Amino acid sequence: MRSNASPSVQGTLIQPPALPGAQPISGNDRVYTADQASNTVSVINPATNTVLGTIALGKPRLDPSADVLGAMYDGQIDVHGLGFSGDGKWLNVIDVTTNAVHVIDTATNKVVRTVYVGRAPHEGFFSSDGTRLWVAVRGQDYISVIDWRAGKEVDRIHTEDGPSKVVFSPDGKLAYVNHLRAPRLDVIDVASRRIIKRVQIPAEAGGSSDEAISPDGREIWLGMPTNGRTTAVLNARTYRVEAVLKTGPRTNHPNFVTVGGVDYAYQTVGGLNQTLVYRRSHTGGPPTLVKTIHNSGHGPHGIWPSPDNTRVYVALQNSDAVDVIDTHTNSVIKTLPIGQSPMALVYVARSTPATSTNNVGRQGLGMRTQNLPLRVSGSSGQGTALIRALPGIDEVTIGATGLPANQQFTAYAGDGTRTTALMSMMSNQFGNIDEGLSYSYFFANHYTSIILKPGTPPGEHEPGPAMPQA
């Protein structure tokens with residue numbers, strides 16, 4: 001992630017998140033989301049809040065015409081991570097399951113390079129000079145440094161287990177790497193590609209899936225998806241942990257804006273369908289929660305501001321949409337239907353016109369979705385279910401909180417007269433089910449409800465815990 005100071009030269013292009021003084025929203029700019037279920041990148045014009053289409057990198061999840069899970073399939077699966085170059089000319093896209101890193105020309109929406117890396121890459125970003133891509137290979141323990149123009153890996157920086165993301169300091173001299181399976185933040189000298197500091201993260205915070213650096217370079221915020229906490233780290237001088245915030249289940253991505261001379265951090269909380277707004281401290285103390293924004297849909301995930309700090313864009317993973325937030329009122333002013341299961345989201349400022357619809361299509365757009373409240377029977381707890389139409393089948397996603405910890409549950413579909421078992425899963429140690437996935441003909445069978453009950457269906461063996469995605 002690039003951070004930026006105020007422009008000193010008229011007309012200088014500044015990428016968000018930015019300090020006050022950057023250029024306004026332009027029709028040249030683009031907002032992108034990585035859509036995991038439709039395996040697309042949605043392309044949005046932020047000046048008009050228009051969805052221009054999607055860039056397809058593979059077939060939709062479980063598409064029967066492509067045999068997506070079969071041995072003959074050669075497309076991409078689980079389009080997930082995004083980053084961009086400082087000049088706004090290039091977008092990088094990461095596919096978690098097929099281990100691919102793509103570079104897309106933002107002027108033409110065309111994929112110009114694909115490089116394969118190690119197991120389960122998660123997020124990556126261009127170096128400040130734009131010549132290298134640094135990709136966190138989360139299924140292993142290293143950062144892959146890629147010469148993207150040559151299409152090859154040129155170095156590996158071995159880190160703690162499960163590196164999730166790479167962000168760069170405003171001057172591009174340092175890189176910061178968070179980890180899903182290790183309570184540490186690695187600080188890397190970019191020139192030498194050597195780890196110069198390992199910052200211990202409090203055990204109560206847990207592993208981190210996403211991170212962001214403030215545009216003034218003072219703080220790194222780490223999103224913790226499994227135990228609902230966020231850690232803000234003073235990164236530049238002391239590496240002292242400023243606060244461990246109890247934000248809520250499936251805490252996802254943070255980002256930053258400055259409004260009226262006040263510095264704020266925004267944090268998406270997927271399990272509560274909320275985006276939290278914190279006033280950042282200038283004295284090294286903890287931030288102050290000033291607003292809870294209730295998103296228009298479910299599962300807020302990726303988040304990014306406009307360069308002029310007037311808008312924040314939030315990807316709604318379980319509603320297949322993007323919320324546009326006015327930062328002066330902290331209210332949702334527009335919701336845009338996009339591709340299916342959006343994860344990462346970035347705003348890319350551009351200085352030249354882009355073709356509107358070249359190399360984009362409609363894959364993943366206009367597909368039916370429905371959110372239903374869970375009916376929890378025989379236990380405490382609450383939650384929601386998303387039903388998403390896919391080619392040939394429907395996907396049911398279960399999320400629940402307030403359940404007894406480490407207990408078996410089964411989800412049933414009902415139509416008022418009958419119920420059908422869909423899946424069994426376990427709550428985690430915090431009493432949550434972060435994401436349980438099942439596939440059935442939900443809409444065709446005219447089901448109207450999802451019921452969650454303790455135990456498993458008669459004759460079934462007990463399953464293992466549901467695994468979260470972040």
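Above this note sits the structure.
Residues numbered from 1 in each chain as written. Predicted model: local features only at pLDDT ≥ 70, side-chain atom pairs only at ≥ 80, totals over all residues. Heavy atoms only, no water.

> Describe the overall build of the protein, listing the residues and the values that go with them.
Counting its regular elements, the protein contains zero helices and 35 strands. The C-alpha atoms of the protein give a radius of gyration of 21 Å, which matches the 23 Å a tight globule of 470 residues would have. Across its three principal directions, the C-alpha atoms of the protein cover 70 × 50 × 45 Å. Sorting the 470 residues of the protein into buried and exposed places 60% on the buried side. Nonlocal contacts in the protein, meaning residues at least 24 apart in sequence, comprise 50% of its contacts between residues at least 6 apart. Positive and negative side-chain charges of the protein, numbering 39 and 38 respectively, have mean locations separated by a distance of 3 Å. (Helix = DSSP H or I, 4+ residues; strand = E, 2+ residues; numbered from the N terminus. Rg over C-alpha atoms; globule rule 2.2 N^0.38 Å. Buried < 20%, exposed > 50% of the residue type's maximum accessible area, 1.4 Å probe, protein only. Contact = heavy atoms within 4.5 Å. Lys, Arg positive; Asp, Glu negative; His and termini not counted. Charge placed at Lys NZ, Arg CZ, Asp CG, Glu CD.)

> Which residues make up the packing of aromatic side chains, and what values go with them?
Tallied over the full model, the rule gives 11 aromatic pairs. Here the aromatic rings of Phe 126 and Trp 148 are separated by 5.9 Å at their centres, their planes lie at 90°, and the arrangement is edge-to-face. Taken as a pair, Phe 126 in strand β8 (residues 121-126) and Trp 148 in the loop between β10 (142-147) and β11 (152-158) lie far apart in primary sequence, 22 residues in all. With a relative accessible area of 1%, Phe 126 lands in the buried category. Centre to centre, the rings of Phe 442 and Tyr 447 are 5.4 Å apart; their planes meet at 55°, and the pair counts as tilted. Over the aromatic face of Phe 443 sits the side chain of Arg 368, whose NZ or CZ is 3.8 Å from the ring centroid. Stacked on the ring of Tyr 412, the Lys or Arg Lys 453 has its end atom at 5.3 Å from the ring centre. (Phe/Tyr/Trp six-rings, centres within 6.5 Å; stacked < 30°, edge-to-face > 60°. Lys NZ or Arg CZ within 6 Å of the ring centre and 35° of its normal.)

> Describe the environment of Asn 252, and please don't skip the residues or the numbers.
By the element assignment, Asn 252 lies in strand β20 (residues 251-259). It is 25 Å that separates the C-alpha atoms of Asn 252 and Asp 394, two residues lying 142 residues apart in sequence. In this structure Asn 252 touches Asp 210, Gly 223, Gln 267, Thr 268, Gly 270, Pro 300 and His 301, once residues within four positions along its chain are discounted.

> For the sheet that holds strand β32 (residues 408-414), give the residues involved together with the corresponding values.
Where strands meet in a sheet, backbone hydrogen bonds hold them as pairs that are either parallel or antiparallel. Read across the open sheet, the seven strands follow the order β33-β32-β35-β29-β30-β31-β34; overall the sheet is mixed. The open sheet has two edge strands with one neighbour each: β33 (419-426) and β34 (433-440). Strand-to-strand twist in this sheet, taken as the mean axis angle between neighbours without regard to direction, amounts to 25°. Sheet topology places strand β31 (residues 393-401) next to β34; six bridges connect them, and they run antiparallel. Bridged to Val 396 within β34 is Ser 438. (Pairing = 2+ DSSP bridges. Axes fitted to C-alpha atoms, helices over the stretch in contact; angles between N-to-C directions.)

> Talk me through unusual backbone geometry; I want residue IDs and the actual numbers.
Here the amide bond leading from Pro 16 into Pro 17 is cis, since omega sits at 0°, within 30 degrees of zero. Along the chain, Pro 17 turns up in the segment before β1 (30-35). Notably, Arg 250 is not glycine yet its phi reads approximately 55°, a positive angle. Inspection of the secondary structure puts Arg 250 in the loop between β19 (241-246) and β20. A relative accessible area of 7% means that Arg 250 is categorised as buried. Unusually for a residue other than glycine, Asn 309 sits at a positive phi of about 65°. If you trace the backbone, Asn 309 turns up in the loop between β24 (300-305) and β25 (311-316).

> Hey, could you go over the sheet that holds strand β2 (residues 40-45) for me, with residue numbers and the actual values?
Judged by pairing direction, the sheet is antiparallel, and its four strands sit side by side in the order β3-β2-β1-β28 without closing on themselves. The open sheet terminates on both sides in strands that have one partner only, identified here as β3 (50-56) and β28 (342-348). This sheet shows a mean twist of 20° between the axes of neighbouring strands, independent of strand direction. Pairing geometry for β2 and β3, over six bridges, is antiparallel. Within β3, the residue paired with Ile 44 across the bridge is Val 51.

> Go over the pattern of salt bridges with me, naming the residues and quoting the values.
For the structure on display, the rule yields 17 salt bridges. Among the salt bridges present, the one from Arg 193 reaches Asp 155, with a minimum N-O distance of 3.4 Å. On the criterion of sequence distance, the pair formed by Arg 193 in the loop between β14 (184-189) and β15 (194-200) and Asp 155 in strand β11 is long-range, its members being 38 residues apart. The exposure class assigned to Arg 193 is partly exposed, which follows from its relative accessible area of 26%. Classification of Asp 155 as partly exposed rests on a relative accessible area of 27%. With a shortest N-O distance of 3.1 Å, Arg 198 and Asp 186 are connected by a salt bridge. Residue Arg 198 is found in strand β15, and its partner Asp 186 is found in strand β14; the two are separated by 12 residues along the sequence. Residue classification places Arg 198 among the partly exposed positions, given a relative accessible area of 41%. (Salt bridge = Lys/Arg side-chain N within 4 Å of Asp/Glu carboxyl O.)

> Can you break down the nonpolar core residue by residue, with the values?
One finds Leu 91 and Trp 134 to be the most contacted residues of the largest nonpolar core, which totals 43 residues. Element by element, the count of residues in this core is highest for β28, at five residues. If you look at the next biggest cluster of nonpolar residues, it comprises 21 residues, including Leu 372, Ala 400, Tyr 447 and Leu 452. (Core = buried A, V, L, I, M, F, W, Y, C linked by side-chain atoms within 4.5 Å.)

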